[in-house]
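# Summary of structural features
One-letter residues, chain by chain:
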Amino acid sequence: MLVDIVTIFPGFFASPLATGLLGKAGERGLVEVRLHDLRDWATDRHRSVDDAPFGGGAGMVMVPGPWFDALDELEAQGPARVVLLAPDGRRFDHKVAQRLAAEPRLILCCGRYEGIDERVRTRVDEVLSIGDFVLAGGETAALVVLEAVARLVPGVMGNADSATDESFAAGLLEYPQYTRPAVYRGLEVPAVLRSGDHGAVARWRRDQALDRTRRLRPDLLEQAEEDADGPQAPG
Ligand code: ADE
């Protein structure tokens, strides 16, 4: 997968892209990320990308020119799904991550300031928000999307099962995990996990995942039921 990120802060991404899973995915050529400074498409001496809003009001708005020119240039290189990160976008979740992970190329557009000139939206395929709060800009959100998507790209996760087994993949929260020691400060690992009975372990994990989801995120169960009742219920 190829990911182009357009931002006025390309340096923001340096450490996360060099670290951990994203670092490995880059080294192995599974997820190639190219950073683009939006100011490279500015046309004035000061490389400015913002201006005062028409109609008045506080703050600055990103002007359309550099965005249109950046997207003209990047899209001329080949097809890509263009995503704008903004607080009024559709809520990003695991399902969206799975859908985006199947794309060969993404262009992530990070807004700043009070917003981007509305006309830029005519150039994007979708607008995504990572939650009902306002960040200083789309960079953090782009990073969230990138990490959630990258780990679903085939080959990125070491163990092929770990991406399908975990929280949200089945519409449920994940079951509790334990490792050695079997007893720590009087806290014991459930006996069933040490029983060697794989069927019993699988049943226990399923029950725990259901119970946890019912207690902590009942909305996920309702969604799973709705999906199952729907006309194209997934298998
Ligand atoms: N930019 C600012 N806030 C954001 C949010 N919550 N999600 C995505 N992009 C944003």
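Below or above, wherever it landed, is the structure these notes cover.

Cut-offs used in this document
- Residues numbered from 1 in each chain as written.
- Predicted model: local features only at pLDDT ≥ 70, side-chain atom pairs only at ≥ 80, totals over all residues.
- Heavy atoms only, no water.
- Helix = DSSP H or I, 4+ residues; strand = E, 2+ residues; numbered from the N terminus.
- Buried < 20%, exposed > 50% of the residue type's maximum accessible area, 1.4 Å probe, protein only.
- Areas by Shrake-Rupley, 256 points an atom, 1.4 Å probe, with all protein chains shown as cover.
- Lys, Arg positive; Asp, Glu negative; His and termini not counted.
- Charge placed at Lys NZ, Arg CZ, Asp CG, Glu CD.
- Pairing = 2+ DSSP bridges.
- Near = heavy atom within 4 Å.
- Polar contact = N/O pair within 3.5 Å; in protein donor to acceptor, adjacent residues only side chain to side chain.
- Patch = residues over 30% accessible without salt bridge, like charges linked within 9 Å, V, L, I, M, F, W, Y side chains within 5 Å.
- Salt bridge = Lys/Arg side-chain N within 4 Å of Asp/Glu carboxyl O.

## Observations regarding the overall build of the protein
- A count of helices and strands for the protein gives 8 helices and 10 strands.
- Summarising its shape, the C-alpha atoms of the protein cover approximately 70 × 40 × 40 Å along the three principal directions.
- Relative to its full complement of 235 residues, the protein shows a buried share of 37%.
- Looking at the protein as shown, the accessible area adds up to about 13,700 Å², and 52% of this sits on carbon and sulfur atoms.
- Counting 27 positive and 37 negative side-chain charges, the protein places the averaged centre of each group 6 Å from the other.

## Observations regarding the sheet that holds strand 3 (residues 50-51)
- Spatially, 3-4-7 is the arrangement adopted by the 3 strands of the open sheet, whose pairing is mixed. For this open sheet the edge positions go to strand 3 and strand 7 (115-116), each flanked by a neighbour on one side alone.
- Taken together, the 2 bridges between strand 3 and strand 4 (residues 61-62) define a ladder with antiparallel strand orientation. Following the sheet pairing, Asp51 is matched in strand 4 by Val61.

## Thoughts on the site of the ligand
- Taken together, 13 residues lie around the ligand, and Ala86, Ile130, Gly131, Phe133 and Leu135 are the ones closest in.
- Here a nitrogen atom of the ligand sits 3.0 Å away from a polar atom, N or O, in the main chain of Ile130.
- Taking Leu135, its main chain carries an N or O atom lying 3.0 Å from a nitrogen atom of the ligand.
- Look at the ligand: alone it shows 260 Å² of surface, and the protein chains cover 97% of it.
- If you list the elements that add at least two residues to the shell around the ligand, you get strand 5 (81-91), strand 8 (126-129) and helix 5 (138-150).
- Among the elements that line the shell around the ligand, the one with the most residues is strand 5, at 3 residues.

## Re a negative patch on the surface
- A contiguous patch of negative charge on the surface is contributed by Glu222, Glu225, Glu226 and Asp229.
- Of note, Glu226 is situated in helix 8 (residues 218-229).
- By relative accessible area, Glu226 is classed as exposed at 52%.

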